Amino acid sequence: MLEAFEVGQTAEAVYLQMLRAPEAGVADLAASLTISEDAVRAALDKLAGLSLLRPSWEDPRVLRAVSPEVGLESLLAHQQVDLMRRQHRIDEGRAALAMVVANLGGSRPGPGGPDRGDRK
């Protein structure tokens, strides 16, 4: 379900369980999901890196799941910015290609030139 956000299956399961049971600790999550505590901790690291977890207001040492509306919207916004940057690089590449072609003018390679791909 959350593959579009680069959240693996285990991290997704941990995130969804944290939304269902906000007070659950690592041991509780591991038991309810039948995975190891190490797997839960790795998932928590991944989720924290994606800003899907935040420190609790009551105890900053405890992580709480960020609501999907806020957390996933933020991830979508980051993906949108990344897409715009990539599109800008593509546009720059097209402009550079147009300049190279324009600068070459009529001087095209003849038979056996670079565009034929002949190798000796």
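Preceding block: the structure.
Since the model is a prediction, treat every value here as computed from it, not as a measurement.

Some points on the environment of Lys46
Within the element layout of this structure, Lys46 appears in helix 3 (residues 37-49). A relative accessible area of 35% places Lys46 in the partly exposed class. Distance from Lys46 to Thr10, taken between C-alpha atoms, is 9.9 Å for residues 36 residues apart in sequence.

Some remarks on the packing of helix 1 (residues 9-20) against helix 3
At their nearest, the axes of helix 1 and helix 3 sit 9 Å apart, and the two run at 85° to each other. One element, helix 1, and the other, helix 3, form an angle in the roughly perpendicular class. Facing Thr10, Ala11, Val14, Tyr15 and Met18 of helix 1, the residues of helix 3 in contact are Ala39, Val40, Ala43, Leu44, Lys46 and Leu47. Among the residues making up the contact of helix 1 with helix 3, the classes are represented as 9 nonpolar, 1 polar and 1 charged.

Some details on the pattern of salt bridges
Applying the stated rule across the entire model yields 5 salt bridges. When the shortest N-O distance is used, the salt bridge between Asp82 and Arg86 registers 3.4 Å. On the criterion of helical spacing, the pair formed by Asp82 and Arg86 is a turn pair, its members being 4 residues apart in helix 4 (residues 68-104). Among the residues examined, Asp82 registers a relative accessible area of 34% and is labelled partly exposed. One connected set of salt bridges, linked through shared partners, spans Glu37, Asp38 and Arg41.

Focus: helix 1
Over its 12 residues, helix 1 extends 17 Å from the first C-alpha to the last, a length consistent with the 16 Å expected when each residue adds 1.5 Å. Those residues of helix 1 that sit buried are Ala11, Glu12, Val14, Tyr15, Gln17 and Met18. If you follow the buried residues of helix 1, they end up packed against helix 2 (26-33), helix 3, strand 1 (53-55), strand 2 (63-65) and helix 4.

A word on the nonpolar core
The nonpolar side chains of soluble globular proteins are, as a tendency, buried together. Counting residues in each nonpolar core, the largest one holds 20 residues, and the members touching the most others are Val7, Val14, Leu47 and Leu52. When contributions to this core are tallied by element, the ones reaching two or more residues are helix 1, helix 2, helix 3 and helix 4. Setting aside anything within four residues of it in sequence, one finds Leu52 in contact with Val7, Tyr15, Leu47, Arg64, Ala65, Val66, Gly71, Leu72 and Leu75.

Calculation criteria
- Residues numbered from 1 in each chain as written.
- Predicted model: local features only at pLDDT ≥ 70, side-chain atom pairs only at ≥ 80, totals over all residues.
- Heavy atoms only, no water.
- Helix = DSSP H or I, 4+ residues; strand = E, 2+ residues; numbered from the N terminus.
- Buried < 20%, exposed > 50% of the residue type's maximum accessible area, 1.4 Å probe, protein only.
- Axes fitted to C-alpha atoms, helices over the stretch in contact; angles between N-to-C directions.
- Parallel < 35°, antiparallel > 145°, perpendicular 65-115°, else oblique.
- Contact = heavy atoms within 4.5 Å.
- Nonpolar A, V, L, I, M, F, W, Y, C, P; charged D, E, K, R; others polar.
- Salt bridge = Lys/Arg side-chain N within 4 Å of Asp/Glu carboxyl O.
- Expected span 1.5 Å × (residues − 1).
- Core = buried A, V, L, I, M, F, W, Y, C linked by side-chain atoms within 4.5 Å.

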